[in-house]
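Listed below are the residues making up each chain.
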2 protein chains.
Amino acid sequence: MIHSLSLSDVVADHARSRPQVVAVVDGGVRLTYPELDARVSRLAAALAEQGVSGGDRVLWLGQNSHAVLELLLACSRLGAVFCPANWRQAEDELRFVLSDLSPAVVVWEPSDATTALHARPGTSAGAWVQAGAEYERLVASGTPGEFPEVADTEPALALYTAAFAGRPSAALLSSAALLAHATSLLVVRQMEPGFTFLNNGPLFHVGTMMFCLATLQIGGTNVFMPAFDAEELCRLVDAERVTQAFLFGQMIDAVAKANAGGKYDLSSLRFVAHSAEWDGMITVDDSPWCRSKMGGYGQTEVGGMLTFLGLAQGGAGFAGRPSPLVQVRLLGPDGAEVAAGEAGEICARGKTLFSGYFARPDLNAEKSLYGWHHTGDLGRREPDGTITFIGPKLRMIKSGVENIYPAEVERALKSHPAVADAAVIGVPDPAWHQSVKAVVALKPDATVTEDDLIEHVKTVLASYKKPRRVAFVPEIPKRGFTPDYDALDAAHGGGNYPGA
Amino acid sequence: MIHSLSLSDVVADHARSRPQVVAVVDGGVRLTYPELDARVSRLAAALAEQGVSGGDRVLWLGQNSHAVLELLLACSRLGAVFCPANWRQAEDELRFVLSDLSPAVVVWEPSDATTALHARPGTSAGAWVQAGAEYERLVASGTPGEFPEVADTEPALALYTAAFAGRPSAALLSSAALLAHATSLLVVRQMEPGFTFLNNGPLFHVGTMMFCLATLQIGGTNVFMPAFDAEELCRLVDAERVTQAFLFGQMIDAVAKANAGGKYDLSSLRFVAHSAEWDGMITVDDSPWCRSKMGGYGQTEVGGMLTFLGLAQGGAGFAGRPSPLVQVRLLGPDGAEVAAGEAGEICARGKTLFSGYFARPDLNAEKSLYGWHHTGDLGRREPDGTITFIGPKLRMIKSGVENIYPAEVERALKSHPAVADAAVIGVPDPAWHQSVKAVVALKPDATVTEDDLIEHVKTVLASYKKPRRVAFVPEIPKRGFTPDYDALDAAHGGGNYPGA
């Protein structure tokens, strides 16, 4: 255990190294590191008394709260797994989570769905504890004694993510992976002690959780707000001298608008340049993370970010270069590395990687083929070594001996000025197994011929990837953000996919 | 292996991510990352053909060279252990190293001692390869094929350090520990891609090696010079736009003097403020590492630094706070944590820790007692949680039930304005087992009484730690930097030490 460092160990060390530092602010709650550490011990003891032990799951169904961090740390102290789930889901979706995870304890806040599930007998074998007074009674009831030695390679956090075959799966992240990822943020975001993070994004999302944990690791202060509210965010930034919040795009505009009169002092925020108005309110930060406008490529399964644009040094690939704690390879379907410039699946190894999905042995075997984590996304290595993210791999078209990824061809089509949207399918071909067919929606008033588009793709990609046929449609059918390939196959004659 | 990241993996990833970046500069040698990676593969294959396999040792006896980094990376690729030893040692000392380590291969540069050892038959069973042309032939002879999968927890580097019972021991550092430590430097030194490190300090010392590896990890450039030379250092900083070199104290004065006329442009150096002259030549850096003048506490066994003053945020303890990747506890001889303010042994766990000493099972058991690495140094926790380094533990005095560490009492004595130097021993005491006796050398022309000094210690430390007797001597006998306690015991009646 001499090389182990768990989340529980980090807060135990801060309790000694930073006795006066405020670890947590949440409404009227302010906890120093020793106070947080003591509550975590009491909570862990109380959970153990509820029967929670190594490998058991504890589920949070609620808004952001300091209780989320306490429960995660208490689970780490016991070797249990904490899962903050999206409580805004429908009752059926939450029922799936409960049955999938079989948590020993559920801590919940009332919503239509959680109230209905709580009321229904037999929903879950676990104990249900309501956030607030009941949770406080649980914490107070714990009598800390000896805790087990828990290796940092044990899963500590489960986050529901990627839907495969129509159901989400819980990515398991160990303390070692979470702290390695947090360290990569300390490097790229240049975080120092005193960093104060406002947890305004959802903590069931890795994008918020990863900064919460990096702030914990460097001994900073985590401020929690239940959900995003522009005015309240301004008030908290001012009152707590917040260094960074979970903000991008229209959220930044909303905050700038809420503070248009300059009512709040937001200068403690060290963040990304966005607009003249915003830049005048905050301190524009020069760390690689902020300079690169938080660019990169990531997913929950790698702990957050796999590559950082801030490490690109001006390279062409918009995903930048790998985190210092991982390796990235672009692999073909046979596990061999593809040549530079060719599309391949973004695959990874390293310290930040997850420990597989909870209770998905077949999927785990598939995702870790050849000893590399397969992200399910396509990328390309630029001549300068940086990585371009192309799009989700989803499925592959086989034409002769060649593998063709729809996302790569779609990207090429969309680079034509007349094209509004595009999707690519494979249609059965007696000679070549499949041939490429494009389905294209044009911009209003744009005109282009099938041959024009085929020629255009040939100027961007190897000739064998070009569509043989182009169908023009008013709109590409979608499932979420990606084309509805089943509908497209049905409407445009797709089929004969390899492995299908 | 999906979570593993070895030194070999890092250079393999850079070969892909940074194909045009110069990894190594050494005289006329300039290697990009792909070139370095290819040489490492050839060298690893050639070493394997020499019979080197997992766990075998490869020894370097020579000045600084890019070959040191190549050999380390090649050993990592094979699962072997690389040891750069201090070649300036006497023939007998080097003979001890050869017999202790039994290296499979020795790469050597001619010196009186190495030439003599090389000429003597039966010195070592391993193959001897001379640096330069013979080493180049070795590299050229390798035909890379498949290399074994090597877990990053395997030792990759051995550095001779701490002498116990009169002989040095080789601390084994795994890839995981070396890269975790490198990452801690990326955080505290705020290193970015493009960082160029001049390896002018000796690479058998962890202080140089740790920055060499952090520079490797972030994909920067390592420049090597055989040994420190102020004028040549200035030339290299100017020519290679060096970011940082291995410099402190009088070395900085020597460099500033060598460049007094401003012949070389040293503005690429981002470093510690030192003198008006120096500060005007370089760019004073604002990272926690440079701001705090590289303060902290460390030793080879923790990979370099265990605590950083740059993380102290103004706290009182000059060793600062622990690296983000370790835990520190101050333990008493029974393994229990001492109270804040009390002296205890600085003990550690975490990602940067060594894997024990090579072939020292008894010492390893002793150093890892109670599951914590015992540094052999004393520290104290200040009320703000920061750590003060007191001095080496060496041995303990037992007076009644109390444990008294000489270094703590010596520090108190030396804080008196009349005292030039002091050493503290235990003398047998029929009632208390031992009592404390101070041996003190006064400053020229200073006068002070025994009672004055005893009273002074009482104002700084708990009363039971005060000396009962003070002997005044012209000079404290030394062994290296520490008092020669055996000589002091013999001259001043010491004895009856616990456990002796």
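Residues numbered from 1 in each chain as written. Chains lettered and ligands numbered in written order. Predicted model: local features only at pLDDT ≥ 70, side-chain atom pairs only at ≥ 80, totals over all residues. Heavy atoms only, no water.

Quick word on the sheet that holds strand β19 (residues 373-381) of chain A
Rules: Pairing between two strands requires that DSSP report at least two bridges joining them. Under the DSSP-based scheme used, a helix requires at least four consecutive residues in state H or I and a strand at least two consecutive residues in state E, with every element numbered from the N terminus. Interaxial angles span 0 to 180 degrees and are taken between N-to-C directions of axes, which are lines fitted to C-alpha atoms, for helices over the stretch in contact. Contacts are assigned to residue pairs with any non-hydrogen atoms lying within 4.5 Å of each other.
The sheet built from four strands is open, its strands ordered β17-β18-β19-β20 (chain A) with antiparallel pairing. The sheet is open, and its two borders are formed by β17 (326-331) and β20 (387-392) of chain A, each paired with just one other strand. Recorded for the sheet is a direction-independent mean angle of 45° between the axes of neighbouring strands. Both β17(A) and strand β18 (residues 343-350) of chain A contribute to a ladder of six bridges, which runs antiparallel. Bridging from a neighbouring strand, Q327(A) pairs with R349(A) of β18(A). The strands that helix α1 (residues 7-17) of chain B touches are β17 and β19 of chain A; relative to β17(A), the one it contacts most, it runs at about 50°.

Regarding the interface of chain B and chain A
Our working definition: By convention, the term buried area covers the 1.4 Å-probe accessible surface removed from two parts as they join, with the contributions of both added. Note on definitions: salt bridges are taken to be side-chain nitrogens of Lys or Arg within 4 Å of carboxyl oxygens of Asp or Glu.
In this assembly, 54 residues from chain B lie in contact with 54 residues from chain A. For the chain B and chain A pair, buried surface summed over both sides reaches about 4400 Å², with 49% attributable to carbon and sulfur atoms. Summed over the three residues of chain B that lose the most area to chain A, namely I2(B), H3(B) and R16(B), the buried surface amounts to 15% of that side. Inspection of the chain B/chain A interface yields eight salt bridges. D152(A) serves as the salt-bridge partner of K351(B), at 2.6 Å between the closest nitrogen and oxygen.

Observations regarding the UniProt feature "domain: AMP-binding enzyme C-terminal" (unreviewed entry) in chain A
Rules: UniProt positions are given in the numbering used here, feature names are shortened, and annotations may be inferred rather than shown by experiment.
In this structure's numbering, the residues bearing the UniProt feature "domain: AMP-binding enzyme C-terminal" (unreviewed entry) are residues 408-478 of chain A. A distance of 18 Å separates the end C-alpha atoms of residues 408-478 of chain A, which is 25% helix and 37% strand.

Concerning the relation of the copies chain B and chain A
So the rule is basically this: Our superposition of the copies is a least-squares fit, built on the C-alpha atoms of residues whose pLDDT is at least 70 in both.
Once turned by 180° and shifted 0.0 Å along the axis, chain B lies on chain A with an RMSD of 0.1 Å. Taken together, the rotation angle and the small translation identify this as a two-fold axis. Closest to the rotation axis within chain B is the C-alpha of V187(B), separated from it by 2.3 Å. When the interface residues of chain B are mapped onto chain A, 100% of them again fall at the interface, so both copies present the same face.

As for unusual backbone geometry
Despite not being glycine, K293(A) shows a phi value in the positive range, around 50°. Tracing the backbone through its elements, the reader meets K293(A) in the loop between α12 (288-291) and β14 (296-299). Phi angles above zero are rare outside glycine, and N496(B) is one such case at about 70°. For N496(B), the position within the fold is in the segment after α16 (485-492).

Quick look at the pattern of salt bridges
Going by this rule: Burial here depends on accessible area, computed with a 1.4 Å probe over protein chains only, as a share of the maximum for the residue type. Under 20% is buried, over 50% is exposed, and the range in between is partly exposed.
One pass over the full model with this rule turns up 53 salt bridges over all chains. Put simply, D486(A) and R479(A) hold a salt bridge, and the shortest N to O gap is 3.5 Å. Measuring nitrogen to oxygen at the nearest pair gives 2.9 Å for the salt bridge that ties R360(B) to D100(B). Here R360(B), found in the loop between β18 (343-350) and α13 (361-367), pairs with D100(B), found in helix α4 (residues 91-101); they are 260 residues apart in sequence, far enough to count as distant. The same class applies to R360(B) as to D100(B), namely buried. Taken together, the salt bridges that share partners define one network made up of E91(A), D92(A), R95(A) and R120(A).

Things to note about the sheet that holds strand β16 (residues 321-322) of chain A
All names here are of chain A. Across the sheet, which stays open at both edges, the three strands sit in the order β14-β15-β16 with antiparallel pairing between neighbours. The open sheet has two free edges, formed respectively by β14 and β16, since each of these has just one partner strand. Relative to β16, strand β15 (residues 304-308) runs antiparallel, the two being bridged by two bridges. Along β16, the bridge assignment pairs F308 with R321.

A word on the pairing of strand β23 (residues 419-429) of chain B
Counting buried positions along β23(B) gives nine out of 11 residues, so the element sits mostly inside the fold. In this antiparallel pair of consecutive strands, β23(B) and strand β24 (residues 433-442) of chain B, the connection spans three residues.

Points about the domain arrangement of chain A
Residues and elements named next belong to chain A. The following threshold applies: By convention here, the domain bounds are inherited from an automatic or database domain assignment. N or O atoms within 3.5 Å of each other form a polar contact, as long as, within protein, one can give a hydrogen and the other can take it, and as long as residues adjacent in sequence are counted only when both atoms are side-chain atoms. For this classification, the nonpolar set comprises Ala, Val, Leu, Ile, Met, Phe, Trp, Tyr, Cys and Pro, the charged set comprises Asp, Glu, Lys and Arg, and every other residue, Gly included, is treated as polar.
What the domain assignment reports for chain A is domain 1 (7-215), domain 2 (228-291), domain 3 (310-392) and domain 4 (397-492). Contact with domain 3, which involves 10 residues of that partner, is made by eight residues of domain 4. In total, domain 3 and domain 4 occlude about 770 Å² of area from one another, counting both sides; carbon and sulfur atoms represent 59% of this. Three residues, P333, L378 and I390, lead the burial of domain 3 against domain 4; their summed loss comes to 46% of the area buried on that side. Here domain 3 and domain 4 share one salt bridge between them. The interface formed by domain 3 and domain 4 holds two residue pairs in polar contact (both at pLDDT 80 or more) in total. Residue classes in the side of domain 3 that touches domain 4 are distributed as six nonpolar, three polar and one charged.

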